[in-house]
Amino acid sequence: MREKLIELNNVTFTYEADEDGTPGYTAVRDVSLDIYKGEFVAVLGHNGSGKSTLAKMMNAIYEPTEGTVTVNGILVDSEEKGDEIRRIVGMVFQNPDNQIVATIVEDDVAFGPENLGVEPSEIRRRVDEALKTVGMYELREREPHKLSGGQKQRVAIAGVLAMQTQGIILDEPTAMLDPTGREEVLKTIIRLNREIGITVVLITHFMDEAVQADRVVVMDKGEIIADGTPREIFARGEFLREHSLDVPQSTELCRRLGFEECILTPAECVEKISSVLGGAAQ
Ligand code: ADP
Ligand code: MG
């Protein structure tokens, strides 16, 4: 049977009212969601739909107002459990500049395990391995602030890897990157999941990233409104548009060409068009 890594049961999160009169706001409403070990789950939803709030509960940064969050069997019910939870699932945020703590790449990656009191020789081993996994080993002695956005995000991912977590939650990690940086980071995420078996929760606005996941969860107004394979989700173009979301470009192109099946990637699109052209030529 598949094991759950993260389990949310009827979770609601309400931001408290401010002293300045801003009323409390319920950002996540009665959400139940299981993330299984080894899974790659993409989370979609337009701005304000509650994605970041949900992610922060999965990482014990926030505790739910109602309902329960469990990470690898540990109930997230107090701030003291935060460190324990973050050894199981790490988090990468949108802005690469907010995540760097050291002045040398390898020191930055070592920061997490150092705080855990890991042996120096073991830290060395973990840092080297993590940097190799994200393709940043050659640049280990560089100053992080001189790196590109994509490189900085890969250093942030290496920092999580060095903690040897079972899962990683990435909250729009490519939103501030150029196309090259986006591609580097996406490839890295796919490698972590497929080659190392790390459970991935990827919050993204990019449909071509969501296509790479095993499962896509769609949020709207704090609720989960769809949950399925990328093909199941992107076949529902009309429904997604109603919730201000797109489908991948290849999906849209093939729909306009009148193909009935849901095409997800450029490669599938090319294959479909060639088969149609080949069929017509015969
Ligand atoms: P998303 O990541 O999908 O854009 P968020 O989880 O960041 O959504 O926010 C969901 C809702 O909660 C938004 O309407 C946002 O304005 C509100 N919100 C987020 N952070 C706070 C906060 N610290 N205090 C009050 N409201 C907040
Ligand atoms: Mg967000």
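Source: prediction; values computed, not measured.

### Looking at the site of ligand 1
Around ligand 1 sit Tyr15, Tyr25, Ala27, His46, Asn47, Gly48, Ser49, Gly50, Lys51, Ser52 and Thr53, and those are all the residues in its vicinity. Between a nitrogen atom of ligand 1 and a side-chain N or O atom of Tyr15, the distance comes to 3.4 Å. One of the side-chain nitrogen or oxygen atoms of Ser52 is found 2.8 Å away from an oxygen atom of ligand 1. Across the complex, the protein chains shield 62% of the 560 Å² of accessible surface that ligand 1 would expose by itself. Counting only elements with at least two residues in the shell around ligand 1, the list comes to strand E2 (25-36) and helix H1 (51-58). Looking at the shell around ligand 1 element by element, the count peaks at three residues for H1.

### Comments concerning helix H3 (residues 105-115)
Structurally, the α-helix is built with 3.6 residues per turn, so residues lying three or four positions apart point the same way. Taken together, the buried positions of H3 are Val105, Glu106, Asp108, Val109, Ala110, Gly112 and Pro113. The inward-facing, buried residues of H3 contact helix H4 (120-133) and helix H5 (149-161). In the stretch just after H3, Gly117 is the one whose phi turns positive, near 80 degrees.

### Let's talk about the packing of H5 against helix H6 (residues 179-196)
Where H5 meets H6, the axes come as close as 8 Å, and the angle between the chain directions of the two elements is 20 degrees. Classified by the angle between their axes, H5 and H6 sit roughly parallel to one another. Crossing of H5 over H6 shows right-handed handedness. Side by side, H5 and H6 meet where Gly150, Gln151, Gln153, Arg154, Ile157 and Leu161 of the first sit next to Gly181, Glu184, Val185, Thr188, Ile189 and Leu192 of the second. For the contact of H5 with H6, the residue count by class is five nonpolar, five polar and two charged.

### Side note on the pattern of salt bridges
A complete count under the given rule lists 25 salt bridges for this structure. The partner of Glu122 in a salt bridge is Arg125, with the nearest N and O atoms 3.2 Å apart. You can see Glu122 and its partner Arg125 sitting in helix H4, three residues apart, about one turn around the helix. Connected through salt bridges with shared partners, the residues Glu238, Arg241, Glu252, Arg255 and Arg256 form a single ionic network.

### Considering the layout of surface pockets
Within this model, the largest pocket holds a volume of roughly 620 Å³. As for the largest pocket, its lining consists of 24 residues, of which Met91, Phe111, Gly112, Val160 and Met163 are closest to the centre. The dominant element in the lining of the largest pocket, judged by the number of residues it contributes, is H3, at six residues. Residue classes in the lining of the largest pocket are distributed as twelve nonpolar, eight polar and four charged. Estimated volume of the second largest pocket: approximately 410 Å³. Forming the boundary of the second largest pocket are 21 residues, of which Arg182, Met207, Asp208, Glu209 and Pro266 lie nearest the centre. Those elements that provide at least two residues to the lining of the second largest pocket are H6, helix H7 (207-210) and helix H10 (249-256). Examining the composition of the lining of the second largest pocket, we find that six residues originate from one element, H6, more than from any other. Of the residues contributing to the lining of the second largest pocket, the split by class is ten nonpolar, five polar and six charged.

Scoring rules and cut-offs
- Residues numbered from 1 in each chain as written.
- Chains lettered and ligands numbered in written order.
- Predicted model: local features only at pLDDT ≥ 70, side-chain atom pairs only at ≥ 80, totals over all residues.
- Heavy atoms only, no water.
- Near = heavy atom within 4 Å.
- Polar contact = N/O pair within 3.5 Å; in protein donor to acceptor, adjacent residues only side chain to side chain.
- Areas by Shrake-Rupley, 256 points an atom, 1.4 Å probe, with all protein chains shown as cover.
- Helix = DSSP H or I, 4+ residues; strand = E, 2+ residues; numbered from the N terminus.
- Buried < 20%, exposed > 50% of the residue type's maximum accessible area, 1.4 Å probe, protein only.
- Contact = heavy atoms within 4.5 Å.
- Axes fitted to C-alpha atoms, helices over the stretch in contact; angles between N-to-C directions.
- Parallel < 35°, antiparallel > 145°, perpendicular 65-115°, else oblique.
- Left-handed = near helix turned anticlockwise from the far one by under 90°.
- Nonpolar A, V, L, I, M, F, W, Y, C, P; charged D, E, K, R; others polar.
- Salt bridge = Lys/Arg side-chain N within 4 Å of Asp/Glu carboxyl O.
- 1 Å grid on protein atoms, 1.4 Å probe; cavity = no way out; pocket = protein on both sides within 12 Å on 5 of 7 lines; lining within 4 Å.
- Points joined across faces, edges and corners; volume = space filled by probe spheres on them.

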